[in-house]
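Residue-level structure breakdown
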Amino acid sequence: MKAIIHIGLKPGVLDPQGRTIARSLGDLGFSEVKQARQGKVIELDLAGEDITIAETRVKDMCEKLLANTVIESYRIEIED
Amino acid sequence: MKTAVIVFPASNCDRDAAVALEKITGHKAEMVWHRETTLPAGIDFVVIPGGFSYGDYLRSGAMAARSPIVKDIVTKANLGLPVAGFCNGFQILTEAGLLPGALMRNTGLKYVCRPQKLKISNNNTRYTSKYGNVSEVTFPIAHHDGNYFADDETLNKLEKGGRVVFRYDGNPNGSARDIAGICNEAGNVFGMMPHPERAIDPLHGGTDGINLFKSIIESI
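Residues numbered from 1 in each chain as written. Chains lettered and ligands numbered in written order. Predicted model: local features only at pLDDT ≥ 70, side-chain atom pairs only at ≥ 80, totals over all residues.

Between chain A and chain B, the residue contacts involve nine residues of the former and eleven residues of the latter. At three residues, the largest contribution of residues to the side of chain A that touches chain B is made by helix 1 (residues 16-27) of chain A. (Contact = placed C-beta atoms within 7 Å. Helix = DSSP H or I, 4+ residues; strand = E, 2+ residues; numbered from the N terminus.)

Below you can see the structure in the form of structure tokens.
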């Protein structure tokens with residue numbers, strides 16, 4: 001089983017890297033880019049077969065280490 | 001007076017902190033490796049030094065905040081042990097939950113390294129009492145992730161409680177409300193991005209950091 005965790009800055013938290021990426025894309029002629037937000041993706045290979053248990057455990061991992069919930073939010077996908 | 005400096009892989013201000021502590025206390029600081037599970041007996045003051053602990057992997061300070069020695073420091077700090085974190089040490093203290101908020105990438109996206117003028121916002125803390133009427137100091141700064149963030153409610157609470165200890169005079173990194181250093185509610189835990197331990201010898205270009213160490217040491 002695989003867990004894919006998307007971590008990004010919460011809405012309202014200034015993302016200077018995202019802002020710079022958007023500006024650079026604009027400079028390259030991609031004028032349709034209104035905003036960019038940069039985040040990270042963490043993939044975990046997990047032992048076990050129970051998706052519900054995996055979701056609970058991965059949420060716990062996010063709260064304890066993978067995300068800093070003061071500034072970041074996260075989304076978890078579990079794949080077979 | 002027994003002091004300790006915590007050493008993580010890629011700490012790089014641990015020696016600076018040890019030299020500062022020895023200069024103020026007259027005794028060598030204990031250097032404590034991050035894999036230790038308890039502080040040596042009788043430690044009165046702990047410094048979490050600057051650097052790039054664990055290569056800043058995941059987030060600055062994230063890994064260090066979960067290391068075995070920090071678990072013991074959190075327990076003891078909650079019982080009143082004075083603990084100060086400078087630069088990466090401040091990041092570690094926020095990641096460990098001993099101080100509120102988080103340190104994000106500088107808004108200018110650049111690593112900033114220079115002497116920085118600071119305003120002392122509260123001269124009546126365990127870390128600033130010896131400054132008397134002095135309201136401005138200059139400490140070096142050297143960081144990429146020093147942009148202090150907390151929600152408005154937390155910022156208001158910090159200000160109301162006199163817990164904003166230092167502010168930048170000329171904000172170098174985008175920190176909310178120019179905040180450079182804060183303490184916890186009890187006043188024993190303190191963190192700041194600038195480096196007082198690099199301002200203790202005339203050869204550093206200034207000695208403004210001495211009174212910060214004197215303040216906390218004499219309060220013990």
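All names here are of chain A. The antiparallel open sheet is built from three strands, whose spatial order is 2-1-3. Each end of this open sheet is capped by a strand with a single partner; those strands are strand 2 (39-45) and strand 3 (72-79). Direction aside, neighbouring strands of the sheet carry axes that sit 15° apart on average. Relative to strand 3, strand 1 (residues 2-9) runs antiparallel, the two being bridged by eight bridges. Following the sheet pairing, lysine 2 is matched in strand 3 by glutamate 79. Against the sheet, helix 2 (residues 51-66) contacts strand 1, strand 2 and strand 3, and its axis sits at roughly 155° relative to strand 3. (Pairing = 2+ DSSP bridges. Axes fitted to C-alpha atoms, helices over the stretch in contact; angles between N-to-C directions.)

Pairing of strand 6 (residues 112-120) of chain B with strand 7 (residues 136-143) of chain B, which is carried by eight bridges, proceeds in the antiparallel orientation. Within strand 7 of chain B, the residue paired with proline 115 of chain B across the bridge is proline 140 of chain B.

Among the residues of helix 5 (residues 210-218) of chain B, those classed as buried are Asn211, Leu212, Phe213 and Ile216 of chain B. The inward-facing, buried residues of helix 5 of chain B contact helix 1 (14-25), strand 3 (45-48) and strand 4 (83-86) of chain B. (Buried ≥ 20, exposed ≤ 12 C-beta atoms within 10 Å, placed from the backbone.)

Moving on: the pairing of strand 3 of chain B. Residues and elements named next belong to chain B. Side-chain alternation along strand 3 places Phe45 and Val47 on one buried face and Val46 and Ile48 on a second face that is also buried. In terms of strand pairing, strand 1 (residues 3-7) meets strand 3 through three bridges, oriented parallel. Each bridged residue has a counterpart across the sheet, and for valine 5 the counterpart in strand 3 is valine 47. Looking at chain direction, strand 3 and strand 4 are connected through three bridges and run parallel. Counterpart to valine 47 in the pairing with strand 4 is alanine 84.

Most peptide bonds are trans, and most residues other than glycine sit at a negative phi. Residue and element names in this part refer to chain B. One non-glycine residue, leucine 58, adopts positive backbone phi at about 70°. Relative to the helices and strands, leucine 58 is located in the loop between strand 3 and helix 2 (68-78). With 18 C-beta atoms packed within 10 Å, leucine 58 lands in the partly exposed category. Phi is positive for arginine 177, close to 50°, though the residue is something other than glycine. Structurally, the position occupied by arginine 177 is in the loop between strand 9 (164-168) and strand 10 (179-183). A count of 16 C-beta atoms within 10 Å places arginine 177 in the partly exposed class.

Bringing the environment of asparagine 12 of chain B into the picture now. Residues and elements named next belong to chain B. Mapped onto the fold, asparagine 12 is located in the loop between strand 1 and helix 1. Placed 93 residues apart in sequence, asparagine 12 and arginine 105 show a C-alpha to C-alpha distance of 20 Å. Contact partners of asparagine 12, with chain neighbours within four places excluded, come to Gly50, Gly51 and Phe52.

The next point concerns the sheet that holds strand 11 (residues 189-192) of chain B. Residues and elements named next belong to chain B. Ordered in space as 2-1-3-4-11-10-9-6-7, the nine strands form an open sheet in which the pairing is mixed. Looking at which strands have only one partner, the edges of the open sheet turn out to be strand 2 (30-33) and strand 7. Going from strand to strand, the sheet's axes swing by 25° on average, the running direction of each strand aside. Taken together, the three bridges between strand 6 and strand 9 define a ladder with antiparallel strand orientation. By the bridge assignment for strand 9, isoleucine 120 is matched with phenylalanine 166. Sheet strands touched by helix 1: strand 1, strand 2 and strand 3. Its angle to strand 1, the strand with the most contacts, is close to 175°.

Let us look at the packing of helix 1 of chain B against helix 5 of chain B. All names here are of chain B. Contact geometry for helix 1 and helix 5: axes closest at 10 Å, N-to-C directions at 60°. Read as a crossing pair, helix 1 and helix 5 show a hand that is right-handed. For the pair formed by helix 1 and helix 5, the contact residues are Ala20, Leu21, Ile24 and Thr25 on the first element and Ile210, Phe213, Lys214 and Ile217 on the second. Its residues assigned to classes, the contact of helix 1 with helix 5 shows six nonpolar, one polar and one charged. (Left-handed = near helix turned anticlockwise from the far one by under 90°. Nonpolar A, V, L, I, M, F, W, Y, C, P; charged D, E, K, R; others polar.)

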